[in-house]
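These are the residues of each chain, in order.
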Amino acid sequence: MRLFKISLAFQMAIATVFGILFGLFLGDLCDVFASYASAYIKLLKVTAIPYLIGAIIHGVGQLSSSQGKLIVKRGAFFISLAWTINILMVYTVSHLFPRSSSPQISGYISSDTPHLNFAELLIPDNIFYDLTNNIVPAIVIFSLLIGIALIHLKEKDVIMNGLQNLVSALTRITAWIARITPIGTFLIIANQVGTIQLSTVKQVSTYVILYLLGTCSIIFWIFPRLTSMLTSIPAYKWLQQTLPILVLAYTTNVVIVCLPYIIELLKKETAIIDPTDEKAQTQIQGTVSVVFNLPLGALFITLFVFFLSIFYGLPLGFSSQIELFATTFLTNLGSVGLGSWINSLTFILDSLGLPINAINLYLTTLPFTSGFQSMLSAMQITSLSLFITLSCRNMLLFRWNRIISKTFFTLLPMAILFFILKSFNPLPTIKNDAKSVYELTITSTIPVKIYKTIPPSIPFKGDAFDHILATKTLRVGYYPNAAPFCFYNVNNHLVGYDMAFAYELAYDLGCKLELVPLSYNNVISDIEGKKYDIA
């Protein structure tokens, strides 16, 4: 007998509230929950990759050739629509980022940028290596190839039954784990809220606020209204139906654990719309398996990269933006959670030549953003799978007057909100508070003369050190394009580590300082020719 008979969504809502309260009141003491929260996340991942492989192979393999072609044909439009919405939202939100009115000088010096080996990432030449090293895109491609091959086999019932039993077993294991989801939710949120250092998120507060605005607009406004445009399901009801799935995605950050619940919801909804169509029930799993493996919410990783370009003062050109979205797309095929996102961002930073230590900045934002990115993926997987399933049966409601009017009233309040934010600019300006190396200066009382060209040499006999002391002049060779050792700062003053040592040495010797340009190829001959004393 159950002591409490309340819905999973309500249990997780209670766990979320208590987690926040514990985190706020106990603070760093909640660090004790970290190991338990980590154990819970690992427990959720027990079935992740096996379920991913089994669901793709079974979901795709059970389709007929005509069903597979129809899903691809109809699905291409809706998936492209989702990508378009996400990319437009990324650009809209990035346009709202408040820039500093003064030019920012980047202290980051980009070197030769490595390029991602897409062949190694996508081609499953050794599936066991890919499984061992968690190369999910290659695993997804392998599973899809097996599933597509099974479509064309006639005698596949035994294999399909085995895969169905495997998926059912993994689904049951996931259901068992889901029973402790409220406890896991409490542990994760209490640990995140209690241990987060607010001072560390000050620099990214604008990014976090606008990120939440963009993702929430899609989750709670655009896609529920899109569902009401194309189906008979009201927006509020669709949001109510998907709420338990969204909460599960938010708290676990592992979208794959939501798939069994998404499939059950879609089976229930399609049965209500058309109870007699049994093919729709069998097609749903294949559709969900394919849609899940496409990068949806993960495309919002690009928003962080746009933020970095402003934060570090490194603008992204058009070609870099194309490379950004292409890399994000390919590295997030089959993305299963935080680890995949971090790996993807690492590849992106490498390919674009951005500071790799920006990963630490990204980790600072995750307690605030990761749950919403997971919710976005869950909402879009659920909605797109519903659209594709109904579209394959010509059951979508394409009433153009209704679509146009609802689209207008969907976009109007968003346009007003974004116009107000852009006009009044209430958010903190994005600025890297760390001082750039190009803003450094050297303060000294000694006389200094900087030559732009090599002056005539001063012949002398005897020891160079005696000559320096006798003339009270120290000549130092410099190469001005060697930051951080020697370079011109924003005020066009010659600074750097080598210059600081030169100033200090001249001061200690009681000499005036003369700085003479040098060429590395001629250093020895220049010193022997008495053009400067040291370099």
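Structure first, text after, so check above.
Residues numbered from 1 in each chain as written. Predicted model: local features only at pLDDT ≥ 70, side-chain atom pairs only at ≥ 80, totals over all residues. Heavy atoms only, no water.

Caption draft 1: Looking closely at the overall build of the chain. Helix and strand counts for the chain come out as 21 helices and six strands. Here the chain, with 535 residues, has 49% of them falling under the buried criterion. Pairs at least 24 residues apart make up 82% of the contacts formed inside the chain by residues separated by at least 6 positions. About 26500 Å² of surface is accessible on the chain, with carbon and sulfur atoms providing 64% of the total. (Helix = DSSP H or I, 4+ residues; strand = E, 2+ residues; numbered from the N terminus. Buried < 20%, exposed > 50% of the residue type's maximum accessible area, 1.4 Å probe, protein only. Contact = heavy atoms within 4.5 Å. Areas by Shrake-Rupley, 256 points an atom, 1.4 Å probe, with all protein chains shown as cover.)

Caption draft 2: Spatial organisation of the pattern of salt bridges. The final tally for this structure, using the stated rule, is two salt bridges. Among the salt bridges present, the one from R475 reaches E514, with a minimum N-O distance of 2.8 Å. You can see R475 sitting in strand β2 (residues 473-478) and its partner E514 sitting in strand β6 (residues 512-517), a full 39 residues away along the chain. Of the two residues, R475 and E514, both sit in the buried class. (Salt bridge = Lys/Arg side-chain N within 4 Å of Asp/Glu carboxyl O.)

Caption draft 3: Structural detail: unusual backbone geometry. The phi angle at N394 is positive, at roughly 55°, despite the residue not being glycine. By secondary structure assignment, the location of N394 is in the loop between α17 (358-391) and α18 (400-424). You can call N394 exposed: its relative accessible area is 63%. Although it is not a glycine, K530 sits at a positive phi angle of roughly 65°. Here K530 shows up in the segment after α21 (523-528).

Caption draft 4: Quick look at the packing of aromatic side chains. Scanning the model with the defined rule gives 22 aromatic pairs in all. With a centroid separation of 6.2 Å and 70° between ring planes, the pair formed by F97 and F307 is classed as edge-to-face. On the criterion of sequence distance, the pair formed by F97 in the loop between α4 (65-96) and α5 (118-122) and F307 in helix α14 (residues 301-311) is long-range, its members being 210 residues apart. Accessibility expressed as a relative area gives 0% for F307, which makes it buried. Arranged with centres 5.4 Å apart and planes meeting at 80°, the rings of Y250 and F372 form a pair that is edge-to-face. (Phe/Tyr/Trp six-rings, centres within 6.5 Å; stacked < 30°, edge-to-face > 60°.)

Caption draft 5: Geometry of the sheet that holds strand β4 (residues 486-488). Overall, antiparallel pairing links the three strands, which are arranged β3-β4-β5 in an open sheet. A strand with exactly one partner marks an edge of an open sheet, and here the two such strands are β3 (481-482) and β5 (494-495). Where β3 lies against β4, two bridges are found, and the strand directions are antiparallel. Looking at β4, one finds that A482 is bridged to C486. (Pairing = 2+ DSSP bridges.)

Caption draft 6: Quick peek at the environment of K472. Residue placement: K472 occurs in the loop between α19 (464-471) and β2. In this structure K472 comes out as partly exposed when scored by relative accessible area, which is 45%.

Caption draft 7: Expanded view of the side chain of T231. As for its placement among the helices and strands, T231 is situated in the loop between α10 (205-230) and α11 (235-252). Taking relative accessible area as the criterion, T231 reaches 1% and is therefore assigned buried. A distance of 2.7 Å separates a polar side-chain atom of T231 from the backbone oxygen of T227. For T231, the side chain forms a polar contact with the main-chain nitrogen of I233, separated by 3.1 Å. (Polar contact = N/O pair within 3.5 Å; in protein donor to acceptor, adjacent residues only side chain to side chain.)

Caption draft 8: Fine view of the sheet that holds β2. An order of β1-β6-β2 is seen for the three strands of this open sheet, with the pairing classed as parallel. With partners counted over all chains shown, the strands left at the sheet margins are β1 (448-450) and β2, one partner each. Across this sheet, the average inter-strand angle for adjacent strands is 20°, counted without regard to direction. With three bridges joining them, β1 and β6 adopt parallel strand pairing. Bridge pairing links V448 to L513 in β6. Where helix α20 (residues 497-509) meets the sheet, it contacts β1, β2 and β6, and its direction lies at approximately 170° from that of β2. (Axes fitted to C-alpha atoms, helices over the stretch in contact; angles between N-to-C directions.)

Caption draft 9: Examining the nonpolar core more closely. F97, F223, I256, F307 and L384 are the most contacted members of the largest nonpolar core, which totals 109 residues. Of the residues forming this core, the biggest block, 16 residues, is contributed by α17. Non-local contacts of L384, meaning those with residues more than four positions away in its chain, are made with F78, I79, A82, F223, V291 and L296. Within the second largest apolar cluster, 14 residues are counted, among which are I468, L474, V476 and Y478. (Core = buried A, V, L, I, M, F, W, Y, C linked by side-chain atoms within 4.5 Å.)

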